[in-house]
Amino acid sequence: MTIKLPIYMDYQSTTPIDPRVIDKMVEVMKNDYGNPHSRSHAFGWKAEEIVENARQQIAKLINADEKEIFFTSGATESNNIAIKGVAKFYENLGKKHIITLTTEHKCVINSCRDLEQEGFKITFLPVQKNGLVDLNMLESAITEQTALVSIMAVNNEIGVIQPLAEIGALCRKKGVFFHTDCAQSFGKIPLDVEKMNIDLMSISGHKIYGPKGIGAIYIRRKPRVRIKSMMSGGGQERGIRSGTVPTQLVVGLGLASEIAFNEMAKDYEKIKKFSQKFYDAMQKLTHVYLNGDLEQRYLGNLNFSFAGIEGESMIMAIKDLAVSSGSACTSASLEPSYVLHALGVDDELAHTSIRFGFGRFTTEDEIDYAINLISQKVEKLRAMSPLWEMMQDGIDLKSINWKSH
Amino acid sequence: MSYSKELLNHYENPQNVGSFAKDEKNIGTGLVGAPACGDVMKLQIKVSDEGIIEDAKFKTFGCGSAIASSSLATEWIKGMKIDDAVKITNKEIAEELSLPPVKIHCSVLAEEAIKSAIEDYKKQKEKK
């Protein structure tokens, strides 16, 4: 079998759209161009029906009511609405404190930073070495003033799954709202807003084989979570998010959710098999370290540090694989990944990290090709690495007085 | 990031990779950069009694630009007098490889590696 190169292994940044989703979207774009908010004619009614159907498909996947689902442009907007919207509604009730993690996505961290500028108190909790929140630490951080705890489900960089059910139970007990960024987990792992006591959830379309530019936010009705809207306009989406709902994108997200509902177990079975095979092969290379907890993880994301090999040179060497790196050298900044830093990974190892993603369209031939290529290049790059040479000679890299810039 | 043909050529076929044997004589070793910054270059020179660099070797932990910069540096200094090699500037290296602005520090490191290796050679020589 011939393999098409390069091989896509960057499923955390985005996913290819499922062909079934594309077909449905094209059909809607061709035929159902009405504005779903038009009440005066059949074009509008049809579009509205399509939108409401999608809302149900999304709600079903997380055991919510469709009235609790609101369409947005994506998880970044949903996270902004959840954090700023709750903060600004409840500040008048004396609740001006928010708790989140240092390993959250930038849009959560920066939403919190913005609020901090406006006088809110934010607690950025550190994580344990395995990337997971310490529940005792979380409990003691919650105060009378706390309005919201925002903790993601699956981490985008390292794939660890935070203990949502435990966090939800704790928040309910303490009477604070629990928001979770599920961009990387919705449609990938089972989520249940009732069992997990989730009050707000951010959802993305393009991470689950749907289109870019569409997402959703789940906002609980009972007990009701209030938010202050950030978008002024025609009051669509019950005033949460004004702006015409894009029918063709919504139908894509809806169908992608339905497919995920039906095929999640099947997809995961395959991903698990590939992930195990890949993990075992990487261990054979020695001095390859998995970042984040081995057990509490979404297996479609494996982030490894390859001791002695700088990340960008690795990416160049394995250019047949589309992957991403926590190394500074792929970006303009000189700081390595803040997520790996939060785990206490040494800077020198953070510079050697590569994230591999597997998904619905990954094939076993691709996995085999990747393993073979990586194994060859690791050997080549280590042969030209002064750090690897020192490690082989038994020199402790920390004993050297490096002249850093 | 898009790289020049020269850079990719040095990255894909790096010249003079390796280390000299530990008991070899007339060697100068430069070790610059730091693992925590994501760049470490080790550059070694073997110098004749007349002060000419007979051979050079390198090992680099770093991005593609860092590997290409050190490969180019070893190519250039082979056959040079140490007094001339010490005058090579990062600007020349950066121009030859058309390094993008964010990668200029790689050429700086290569220049430092050459200077550091020559300094080390001179120090070793004085000890004798």
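Not measured: the values here are computed from a predicted model.

K.L.:
Could you give me a rundown of the overall build of chain A, with the residues and numbers involved?
P.N.:
Per the secondary structure count, chain A includes 12 helices and 13 strands. Compactness check: chain A gives a C-alpha radius of gyration of 22 Å against a globular reference of 22 Å for 405 residues, within 12% of the reference. If one aligns the C-alpha atoms of chain A with their principal axes, the spans along those axes are about 75 × 55 × 35 Å. Per-residue burial over chain A gives 50% buried out of 405 residues. Pairs at least 24 residues apart make up 73% of the contacts formed inside chain A by residues separated by at least 6 positions.

K.L.:
Requested: an account of the overall build of chain B, with residues and values cited.
P.N.:
Looking only at helices and strands, chain B features 5 helices and 3 strands. From first element to last, N terminus to C terminus, chain B shows the α and β order α-β-β-β-α-α-α-α. For a compact globule of 128 residues, the expected C-alpha radius of gyration is about 14 Å, and chain B comes in at 14 Å, within 12% of that figure. C-alpha atoms of chain B, sized along the principal axes, occupy 50 × 30 × 20 Å. A burial count over chain B gives 48% of its 128 residues as buried. Considering only contacts in chain B between residues 6 or more positions apart, those separated by 24 or more positions represent 64%.

K.L.:
Could you give an account of the interface of chain A and chain B, naming the residues involved and the relevant values?
P.N.:
Taken together, the 24 residues of chain A in the interface contact 22 residues of chain B. The set of elements that each furnish at least two residues to the side of chain A that touches chain B consists of α8 (311–317), α10 (347–350) and α12 (386–392) of chain A. Tallied by class, residues from the side of chain A that touches chain B come to 11 nonpolar, 7 polar and 6 charged.

K.L.:
For the packing of helix α7 (residues 247–284) of chain A against helix α11 (residues 364–383) of chain A, give the residues involved together with the corresponding values.
P.N.:
Residues and elements named next belong to chain A. Where α7 contacts α11, the two axes come as close as 10 Å, and the packing angle between them is 10°. One way to sum up the angle between α7 and α11 is to call them roughly parallel. Touching Phe 274, Lys 277, Phe 278 and Ala 281 of α7 are Glu 364, Ile 367 and Ile 371, all from α11. Here the contact of α7 with α11 is built from residues that sort into 5 nonpolar, no polar and 2 charged.

K.L.:
Which residues make up the domain arrangement of chain A, and what values go with them?
P.N.:
Residues and elements named next belong to chain A. Split by domain assignment, chain A resolves into domain 1 (7–12 + 264–386) and domain 2 (19–260). For domain 1 versus domain 2, the distance between C-alpha centres works out to 29 Å. At the level of elements, β10 (301–306) and α9 (338–342) are the ones that each hand at least two residues to the side of domain 1 that touches domain 2. Here the side of domain 1 that touches domain 2 gets 3 residues from one element, more than from any other, and that element is β10.

K.L.:
So, the sheet that holds strand β5 (residues 146–150) of chain A: which residues are in play, and what are the values?
P.N.:
Residue and element names in this part refer to chain A. Taken in spatial order, the 7 strands line up as β2-β8-β7-β6-β5-β3-β4 in an open sheet, and their pairing is mixed. The sheet is open, and its two borders are formed by β2 (69–72) and β4 (121–125), each paired with just one other strand. Neighbour to neighbour, the strand axes of the sheet diverge by 20° on average, direction disregarded. Relative to β5, strand β3 (residues 97–101) runs parallel, the two sharing 4 bridges. Looking across to β5, one finds that His 97 is bridged to Thr 146. Strands in contact with helix α4 (residues 106–117) are β3, β4, β5 and β6 (177–181); relative to β3, the strand with the most contacts, it is inclined by about 150°. Across the sheet, helix α6 (residues 164–174) is in contact with β5 and β6; its angle to β6 comes to roughly 155°.

K.L.:
Which residues make up helix α2 (residues 42–61) of chain A, and what values go with them?
P.N.:
All names here are of chain A. Compared with the 28 Å implied by 1.5 Å per residue over 20 residues, the 29 Å span of α2 between its first and last C-alpha is a close match. Check the buried side of α2 and you find it contacts α1 (19–31), β2, β7 (200–204), β8 (215–219) and α7. Just downstream of α2, Asn 63 is the residue with a positive phi angle, here 60°.

K.L.:
Explain the pairing of strand β2 (residues 39–47) of chain B to me, and be specific about the residues and the numbers.
P.N.:
Residues and elements named next belong to chain B. Among the 9 residues of β2, 8 are classified as buried, and the element is accordingly described as predominantly covered. By the bridge criterion, 8 bridges tie strand β1 (residues 27–34) to β2 in an arrangement that is antiparallel. Among the inter-strand pairings, Thr 29 is bridged to a residue of β2, identified as Gln 44. Linking β1 to β2, which pair antiparallel, is a turn of 4 residues; within it Gly 38 sits at a positive phi near 85°. Alignment of β2 against strand β3 (residues 53–61), held across 8 bridges, turns out to be antiparallel. Residue Lys 46 lies in a different strand from β3, and its bridge partner there is Asp 55.

K.L.:
Account for the sheet that holds β2 of chain B, with residues named and values stated.
P.N.:
Residue and element names in this part refer to chain B. Read across the sheet, 3 strands follow the order β1-β2-β3 without closing on themselves; strand pairing throughout is antiparallel. Two strands in the sheet have a free side with no partner beyond their single neighbour: β1 and β3. Each neighbouring strand pair of the sheet contributes to a mean axis angle of 10°, computed without reference to strand direction. In this fold helix α5 (residues 104–127) packs onto β1 and β2, with an angle of close to 145° to the strand it touches most, β1.

K.L.:
Could you give an account of the confidence of the model for chain B, naming the residues involved and the relevant values?
P.N.:
Within chain B, residue pLDDT values average 95, and 99% of them lie at 70 or more. Quick note on the complex model: pTM equals 0.94, ipTM equals 0.95.

K.L.:
Please set out the nonpolar core residue by residue, giving values where relevant.
P.N.:
All names here are of chain A. Residues Val 86, Ile 217 and Tyr 218 are the most contacted members of the largest nonpolar core, which totals 149 residues. Counting residues per element, this core draws most heavily on α7, which supplies 12 residues. In this structure, this core is formed jointly by two domains, domain 1 (7–12 + 264–386) and domain 2 (19–260), each of which donates at least three residues. Every residue in contact with Val 86, bar those within four places of it in the chain, is listed here: Ala 147, Leu 148, Phe 177, Val 225 and Ile 227.

K.L.:
Quick one: what's the story with the environment of Leu 170 of chain A, residue by residue and with numbers?
P.N.:
Residue position: Leu 170 of chain A is located in helix α6. As for Leu 170 of chain A and Leu 135 of chain A, which are separated by 35 residues in sequence, their C-alpha atoms are 8.5 Å apart.

K.L.:
Can you lay out the environment of Asp 267 of chain A for me, pointing to particular residues and giving the numbers?
P.N.:
Mapping Asp 267 of chain A onto the fold places it in helix α7. For the pair formed by Asp 267 of chain A and Asp 365 of chain A, sequence separation is 98 residues and the distance between their alpha carbons is 16 Å.

About the thresholds
Residues numbered from 1 in each chain as written. Chains lettered and ligands numbered in written order. Predicted model: local features only at pLDDT ≥ 70, side-chain atom pairs only at ≥ 80, totals over all residues. Helix = DSSP H or I, 4+ residues; strand = E, 2+ residues; numbered from the N terminus. Rg over C-alpha atoms; globule rule 2.2 N^0.38 Å. Buried ≥ 20, exposed ≤ 12 C-beta atoms within 10 Å, placed from the backbone. Contact = placed C-beta atoms within 7 Å. Nonpolar A, V, L, I, M, F, W, Y, C, P; charged D, E, K, R; others polar. Axes fitted to C-alpha atoms, helices over the stretch in contact; angles between N-to-C directions. Parallel < 35°, antiparallel > 145°, perpendicular 65-115°, else oblique. Domains from an automatic or database assignment. Pairing = 2+ DSSP bridges. Expected span 1.5 Å × (residues − 1). pLDDT = per-residue confidence, 0-100. Core = buried A, V, L, I, M, F, W, Y, C linked by C-beta atoms within 7 Å.

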